[in-house]
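Coordinate analysis (summary)
Take a look at the letters that make up each chain.
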Amino acid sequence: MLKITPTKEEKSLRVRLCGELTKEYLAELEQALGDRGSECQNVSLDLSNVTFVDRESMVFLCSARSKNISIENCPSYVIRWIKQERLCGSYSDDPQT
């Protein structure tokens, strides 16, 4: 289960995630980012309470930077996975933590 909590302040949107980030929640997450994030200058994902990330969600996180979405409070295993993806050539940007 994943709890998605968007918080908008002036020109910023922060989406806090709590639980397991799996492919079944990606559409809802993209909707939360798109609905409220289109008029925001700063959009971020807070992963401090994420306990699990599946492969499809990792691909989503890896592409977040190209959409100008910053990743905050990223768990260390996710950072290592993103770096590994970069070493394998599947991911070309540095993770933002």
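Okay, so let's go over this structure. This one's a predicted model, so the numbers in the text were calculated from it and none came from an experiment. (Residues numbered from 1 in each chain as written. Predicted model: local features only at pLDDT ≥ 70, side-chain atom pairs only at ≥ 80, totals over all residues. Heavy atoms only, no water.)

1. Quick notes on the side chain of Asp-46
Topologically, Asp-46 is positioned in strand 3 (residues 42-53). Once residues lying within four places of it in the same chain are set aside, the contact partners of Asp-46 are Arg-14, Val-15, Arg-16, Leu-17, Glu-72 and Asn-73. (Helix = DSSP H or I, 4+ residues; strand = E, 2+ residues; numbered from the N terminus. Contact = heavy atoms within 4.5 Å.)

2. Considerations on the nonpolar core
Counting 28 residues, the largest nonpolar core has Leu-17, Leu-21, Leu-29, Leu-45 and Leu-61 as the members making the most contacts within it. Only strand 1 (2-9), strand 2 (12-21), helix 1 (26-37), strand 3, helix 2 (55-64), strand 4 (69-72) and helix 3 (76-87) provide two or more residues apiece to this core. Residues contacting Leu-21, with those up to four places away along its chain left out, are Leu-2, Leu-26, Leu-29, Val-50, Phe-52, Val-53, Asp-54, Ser-57 and Leu-61. (Core = buried A, V, L, I, M, F, W, Y, C linked by side-chain atoms within 4.5 Å. Buried < 20%, exposed > 50% of the residue type's maximum accessible area, 1.4 Å probe, protein only.)

3. Things to note about the sheet that holds strand 4
Sheet architecture is open: four strands sit in the order 1-2-3-4, paired in mixed fashion. Strand pairing shows two members of the sheet lacking a second neighbour, strand 1 and strand 4, which therefore form its edges. Along the sheet, successive strands turn relative to each other by an average axial angle of 20°, direction set aside. Where strand 1 lies against strand 2, eight bridges are found, and the strand directions are antiparallel. Each residue of the ladder has a partner; that of Thr-7, found in strand 2, is Arg-14. Set on the sheet, helix 2 makes contact with strand 2, strand 3 and strand 4; between it and strand 3 the angle comes to about 155°. (Pairing = 2+ DSSP bridges. Axes fitted to C-alpha atoms, helices over the stretch in contact; angles between N-to-C directions.)

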